[in-house]
Amino acid sequence: MQDFPPRIATFFTGTDDAPTSDPDTRSPAAFLRWMLRQQTRVIVLSSLACLLWLMPMTFGPYIFGRAVDEGILQGSTPDLLMWSGVMLAVVLVGGTFGVVFHTLIVRSWLISLYGTTQMVTRKIAQMGHVLPRRSPTGEVLSVSSSDSDEFGALTEILARTAAQLVSYLTVAAIVLSMSWQLGVLVLVAAPVLLGAALPLLRPLHRRQQVERSRNSELTSMATDIVAGLRILRGIGGEDTFGRNYALQSQRARLAGVSSGVWQAAVEGIGVLFAGIFMVSLVWLGTRQVNSGELSVGELVSFLGYGLFMVGPIRTSFELAQKTTRALVSARKAIAIFEQRPPWREPSDPQPLDGSAEIHDELSGFTARPGQLTVVVSAVPEKSAALADRLGRYLPPDTDPVGEEDGDGLKGRAARRARADRERRRARIAARDEEVATRQWGVRLGGVDLSAARLDDVRRQVLVSDTGSGLFAGTLQDAIDPHGRLTREEAEAALRVANAEDVYDALPEGWQGQLDERGRGLSGGQRQRVVLARALAADAPILVLVEPTSAVDAHTEARIAERVTTLRHGRTTVVCTVSPLWLHHADRVVLLEDGQVVADGEHATLLAHDPVYRGVVVRSLDDVDEVLLR
Amino acid sequence: MTDLLATSPDTWRERDLDPPVIPPELLPPGKVSWRERNAAFWQRHDVRRQRAEDVYAASRNPERGWPVSGNRAVLAFFRELLVSRRGMFTALVVLNALAAATGLLVPRLLGELVNTTVDGGGGLPLDTLALVIIGVVLAQAALTFVAQRTSTYFGQDLLSTAREYIVRTILRLPLGAVEGASTGDLVTRVTRDVGTMSRSVQYGLPMAIISLLTVVLSVGAMLLNSVVLAVPALLTFATSAWAVRGYLRRAPKAYITEGSTYSRINTTLTETVEGARTVEALGLSGVRVRAGNDDIEVSAQAERYTMSLRNILFVALNFAFGTPRVVTLLVGAYAYHRGWVDLGQITAAVLYVEALSDPLDRLISEVDRLQVGAASTSRLLGIAEVKPDRSPGDRLPDGVELVAEDLRFAYRPGHDVLHGVDLRLGVGERLAIVGPSGSGKSTLGRLLSGINRPRTGSATIGGVELVDLPLEVLRTEVALVTQEHHVFIGSVRENIVLAREDSDDDAVRQALSAVGSLLWVERLPQGLDTIIGSGRYALTPAQAQQVALARLIIADPHTLVLDEATSLIDPRTARTLEGSMNNLLAGRTVVAIAHRLHTAHDADRIAVVIEGRIVELGSHDELVELDGEYAALWRAWTS
């Protein structure tokens, strides 16, 4: 039987685990069915355990009725003891299986929950930089953090409903055996009452959705205030944003009250229906006792069953609500899981040689083997775009499409909006695929990058762009995430990137903890640690985009010099206009409108190329200069 | 110069010696005898308890981040909230008590019905009795509705008041603390802790009150129904007391631990998603997948611990609440023969026994939800315990001259980063501060803009200490401009009028046109009222920076301290913003902490800061003439 955490090895093939099946993403219902099929045994067994746990409630009233009739009213001590013994046994079995049921239900809940999180992680691992192009980060995260919980809740309610249904039928059978009229009442009345109450659930559900979306808006406002707190305290605006928060908080309160009142109505109706059901059962029972068709003990049993019926009714309410929620969540999960990487592995992959020349056809850029080439462009995006092409990355040129459902649309409008979102996502995917499958236009040693395996490309060409971030963990993990370096290598990387001060600032040295995204470090420190990590990876071709933009000149000069020495003999491309790097370049390439218009040595170009001089000298009186003129 | 990596050999760890994420003693043994398995289970349970206690202790005394308040503060906070809603609270209690009481009448009346049926008369006729019961059921339904409605109003009101209080507190945090500390911890508090607190305030508190009332009233009703039948049942219930107590003592710590494992899962995943490109570039996918799996393994252990705690509780509760059925039956039969009770009382007693376990279950789970909520609340209230760093005086500056004398400052006692800095800024002067990183440039900037109070010496404007000015005044005198250009969720207008919230539209338009943004703002769907910020209308980086500059124009300080302002202006947008920046700086005194040495030479004066001291001060030409640090750096630079 499966246990938690489950073993999931879908989507991403980079770990050694034997692959497990992919989820069915054809429709939300199909997805849920797939999810449930994964743990059929656990759910079936937990239904059985639940059934046994319900035994005291299913059989208790019957036993009690028999005990009243035979033991108490007729005064037979052996019968009384016998029925008491049966009752004790039923109670003990029920209690034991209560624990078993709880254990199994936690198991199936967590299998769904952890499994979903694992699938999301593996989806990101599989898709890499392509996923954020298509789906907003928040959406990806919420599949793991909240939708996964709905799937867990679904397994629980299904197991419980199945057991409740069986015990409901058992009770109906017991009641039928005593009186067919009452048996029919039980069988008919409960579903009728349930059907009568169901229409109340829809408006409740809608109000709960509004409440949830207002609350999440409120949370994002609070996060926003905290994120901009320095500005609010430094420049002002506390009143405005404090007031905006308070207004939203009141809106959330009203939504909460409105859904709470409906919830209260549902509860009230539930009490009413259960009460009326019980009264009619008992009243009919008393008539039958009077006419001699029913014994007193049997009547007492009915009382117990009247109370018991509240359970199945409540459970089916829950089933309806949770299924709806699970379907909504399944749709969100599908939007993530159905994405496919745009890349196609070439049928005959060519090996790449990182010590060869790399050439970009679009811009006409060439990096000669073993040299430090600096790319200069008046428009930094253009050199960043070149770096992306050299590393075979899709450009960040899309607006990810979300799966938001909180915009209050109903019925047809909602469906239309959803179809529209699906179309937009499909369009991005189609475009990605179009770009990713044709000739890439960058040749390494004469081999087009699309003719090689993508992981080979990643191994040969490392692009460290401005968006490169750090992960939480120790400094050692940050520099050596793969655990492949010796201490000396790691030290060297730190020194070359002039990031020794980061080491020094952490009392635990290599084992000092960095916060998520390196938040505790200054911009310059973060940039230098990122650089050290890129250097330590020791890629045959290293492409650095603005590697020292947040570092003071003093340090930048040191870094440029040390990087040049370290990378001696290996191909390195740096995109920057800083003269400190240009001094060290073997070759400088000037881009204009994304095209190579000049190349050569820094000094020569500076002396003879007016356009180049324009760009570089312009950078000499950088922005600070603007400030002080 | 000492080697900063001197301790490297001591702190480097060999990865193969890394302990497994889950210590081996937490793995279940293979095939062993039942007795050994049982012993191993309890051993694991103990290890897990220890882990939970460690996590809890760490969360109460965070090494970094904002303080955490004590239990007493939490109690006082809630007491105050309750006291100020005395009327509503009373209504809540009374209505819920009534709803519970009518609910308890039903079994009693059903018992009566049985009696009437058995005796065939005596009391009320059957049909009348049935109608009475229907009436009671109707009343119960109506009361349930009204009581729940009151609970909702009460819970939502309490919740909105509490969260608004927290946000107000955050908005009053001392300037120095805000500038100094990381906001990460604060983000966790306003998201996760407000969430946990919400749940316990909104549902936990009313539910706990309702369940408690139901339990108390049920016990009362049992005793009223028949003391003989009630006492044995109640005694059996009482056997679960020790288990409940043990559970309530351990569960909150266990749930807090569990919660922290989930936030760890989320953090790791967030990093993986946001760093998807980095992950791919460095081939870290496998590492991230494993990191995610490790988090889940740790979380699973926390889940196993809470599961065992609940199971242990259930064993006790199932016994304590199951056996009374048998007890009531046996005692009932005996008492019936003795003529102490009638059949209706036995019936009612059994129904009560059946009905009691539900509210009690709920009470227990609400109590532990409340405890978890209290832990979150103590973190939220901790924010309020940050001491204010200034008490504004009533003197207003006389003049605009910024003068610093003998400034010394230490972040850690005994470790001064500034060692007596004197500086006198001329009105309208441009001063550049240069120096290697870590020399104290930024600290000097913060003292000059009144963010921190110097340890000794003074930074005054027009003769008044900067940190003694009320914040509203300070902001219109000196502004510190850092690399942050956050766009708030709010209208364009709200994003700009920060410093003078009463500014009219003309002022906003003027500011916008000064930074060259009026055109695009007017093209927005709702002009100045367009809601911008994260998740709304997205601004380009250049537009975001223009908004940041327009804020400063509205604030209109006569002195600007620019720290790493190059980062404020992304090189990509520098061209566009050049004019905006010039408009902002025109006619103001400017202190620019410069990254790029060569850019300093256009400033009126340059201050070279090295190791917390101004070692050289003068114009570019003077300093080159002086042939000291600056000249040396300059030569290295331009060669």
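Predicted, not measured: the structure shown is a model, and the values here were computed from it. (Residues numbered from 1 in each chain as written. Chains lettered and ligands numbered in written order. Predicted model: local features only at pLDDT ≥ 70, side-chain atom pairs only at ≥ 80, totals over all residues.)

Visitor: Give me the overall build of chain B: which residues, what numbers.
Guide: On a plain count of helices and strands, chain B comes out with 22 helices and 12 strands. Relative to the compact-globule value of 26 Å for 639 residues, chain B shows a C-alpha radius of gyration of 35 Å, a clear excess of over 25%. Based on the C-alpha atoms only, the size of chain B along its principal axes is roughly 120 × 65 × 45 Å. For chain B, the residues scored as buried account for 48% of the 639 residues in total. For chain B, long-range pairs separated by at least 24 residues make up 79% of all intrachain contacts whose partners lie at least 6 apart in sequence. (Helix = DSSP H or I, 4+ residues; strand = E, 2+ residues; numbered from the N terminus. Rg over C-alpha atoms; globule rule 2.2 N^0.38 Å. Buried ≥ 20, exposed ≤ 12 C-beta atoms within 10 Å, placed from the backbone. Contact = placed C-beta atoms within 7 Å.)

Visitor: Could you give an account of the interface of chain A and chain B, naming the residues involved and the relevant values?
Guide: Residue-level contacts link 148 residues of chain A with 147 residues of chain B. For the side of chain A that touches chain B, the element with the highest residue contribution is helix 9 (residues 238–290) of chain A, accounting for 30 residues.

Visitor: Break down helix 9 (residues 241–274) of chain B for me, citing the residues and quoting the values.
Guide: Over its 34 residues, helix 9 of chain B runs 49 Å from end to end, which matches the ideal 50 Å to within 8%, given 1.5 Å per residue. The sharpest bend along helix 9 of chain B comes to roughly 35°, located at R250 of chain B, with the proline P252 of chain B sitting one to four residues further on. (Expected span 1.5 Å × (residues − 1). Bend = angle between axes of the 7 residues up to and from the residue.)

Visitor: Could you give an account of the sheet that holds strand 5 (residues 447–448) of chain A, naming the residues involved and the relevant values?
Guide: Residue and element names in this part refer to chain A. Across the sheet, four strands lie side by side as 2-1-4-5; this open sheet has antiparallel pairing. Two strands in the sheet have a free side with no partner beyond their single neighbour: strand 2 (365–367) and strand 5. With two bridges joining them, strand 4 (residues 442–444) and strand 5 adopt antiparallel strand pairing. When the sheet's bridge partners are listed, R443 is paired in strand 5 with D448. Those strands touched by helix 12 (residues 380–390) are strand 1 (358–360), strand 2 and strand 4, and its axis lies near 125° from that of strand 1. (Pairing = 2+ DSSP bridges. Axes fitted to C-alpha atoms, helices over the stretch in contact; angles between N-to-C directions.)

Visitor: Describe the domain arrangement of chain A, listing the residues and the values that go with them.
Guide: If you check the domain split of chain A, you get domain 1 (1–178 + 312–341), domain 2 (180–293), domain 3 (411–439) and domain 4 (443–628). If you average the C-alpha positions of domain 2 of chain A and of domain 3 of chain A, the two centres end up 36 Å apart. (Domains from an automatic or database assignment.)

Visitor: If you had to explain the environment of R108 of chain B to someone new, which residues and values would you point to?
Guide: Residue and element names in this part refer to chain B. Mapping R108 onto the fold places it in helix 4 (residues 86–119). Residues R108 and G292 lie 184 residues apart in sequence; the distance between their C-alpha atoms is 56 Å. Sequence-distant contacts of R108, that is, excluding residues within four places in its chain, are made with N225 and A348.

Visitor: Lay out the packing of helix 8 (residues 227–238) of chain B against helix 11 (residues 285–338) of chain B with the relevant residues and their values.
Guide: Residues and elements named next belong to chain B. Interaxial distance between helix 8 and helix 11 falls to 9 Å at its minimum, and their mutual angle equals 155°. Relative to helix 11, the element helix 8 lies roughly antiparallel. The chirality of how helix 8 crosses helix 11 is right-handed. Residues V228, L229, P232, A233, T236 and F237 of helix 8 lie in contact with helix 11, whose contacting residues are A320, F321, T323, P324, V327, T328, V331, G332 and A335. Counted by class, the contact of helix 8 with helix 11 contains 11 nonpolar, four polar and no charged residues. (Parallel < 35°, antiparallel > 145°, perpendicular 65-115°, else oblique. Left-handed = near helix turned anticlockwise from the far one by under 90°. Nonpolar A, V, L, I, M, F, W, Y, C, P; charged D, E, K, R; others polar.)

Visitor: Give me the sheet that holds strand 3 (residues 372–377) of chain A: which residues, what numbers.
Guide: Residue and element names in this part refer to chain A. Judged by pairing direction, the sheet is mixed, and its six strands sit side by side in the order 6-9-10-3-11-12 without closing on themselves. Each having just a single partner strand, strand 6 (461–464) and strand 12 (595–600) make up the two edges of the open sheet. On average, each strand axis in the sheet is tilted by 20° relative to the strand beside it, whichever way the strands run. Note: strand 6 against strand 9 (residues 541–545), four bridges, orientation parallel. Residue pairing for strand 9: V463 is matched across the bridge by V543. On the sheet, helix 12 packs against strand 3, strand 6, strand 9, strand 10 (571–575) and strand 11 (587–592) and is oriented at approximately 140° with respect to strand 3.

Visitor: I'd like a rundown of the nonpolar core, residues and numbers included.
Guide: Within the largest apolar cluster, 350 residues are counted, with the highest numbers of intra-cluster contacts made by I225, V376, A532 and V543 of chain A together with L110 and I433 of chain B. The contact partners of I225 of chain A, leaving out residues within four places of it in the chain, are L232, F241 and Y245 of chain A together with V167, I170 and L171 of chain B. (Core = buried A, V, L, I, M, F, W, Y, C linked by C-beta atoms within 7 Å.)

Visitor: Describe the confidence of the model for chain B, and please don't skip the residues or the numbers.
Guide: All names here are of chain B. Averaged over chain B, the pLDDT score is 85; the fraction of residues at 70 or greater is 93%. Confidence, read as mean pLDDT per element, is least for helix 19 (residues 565–568) in chain B (50) and greatest for helix 10 (residues 276–281) (94). Under the prediction, the complex receives an ipTM of 0.91, its pTM being 0.86. (pLDDT = per-residue confidence, 0-100.)

Visitor: Give a detailed account of unusual backbone geometry, specifying residues and quantitative values.
Guide: Look at the link from F4 of chain A to P5 of chain A: it is a cis peptide, with omega at -10°. Structurally, the position occupied by P5 of chain A is in the segment before helix 1 (28–37). In this structure, D406 of chain B is a non-glycine residue whose phi angle is positive, near 50°. Following the sequence through the fold, D406 of chain B ends up in strand 1 (residues 402–412).

Visitor: Before we move on, can you summarise the pairing of strand 12 (residues 613–618) of chain B with the specific residues and values?
Guide: One face of the sheet, then the other: side chains in a regular strand alternate in exactly this way. All names here are of chain B. Here five bridges tie strand 11 (residues 605–610) to strand 12, and the two strands are oriented antiparallel to one another. Bridged to V608 within strand 12 is E616. With antiparallel pairing between neighbouring strands as the criterion, strand 11 and strand 12 make up a hairpin whose turn holds two residues, including E611 at a positive phi of roughly 45°.

Visitor: Could you give an account of the domain arrangement of chain B, naming the residues involved and the relevant values?
Guide: Residues and elements named next belong to chain B. By domain assignment, chain B separates into domain 1 (36–65 + 227–340), domain 2 (70–225 + 376–389) and domain 3 (402–638). Averaged C-alpha coordinates put domain 2 and domain 3 at centres separated by 51 Å. Contacts between the two partners involve four residues from domain 2, matched on the other side by five residues from domain 3. Taken together, the residues of the side of domain 2 that touches domain 3 break down into one nonpolar, one polar and two charged.

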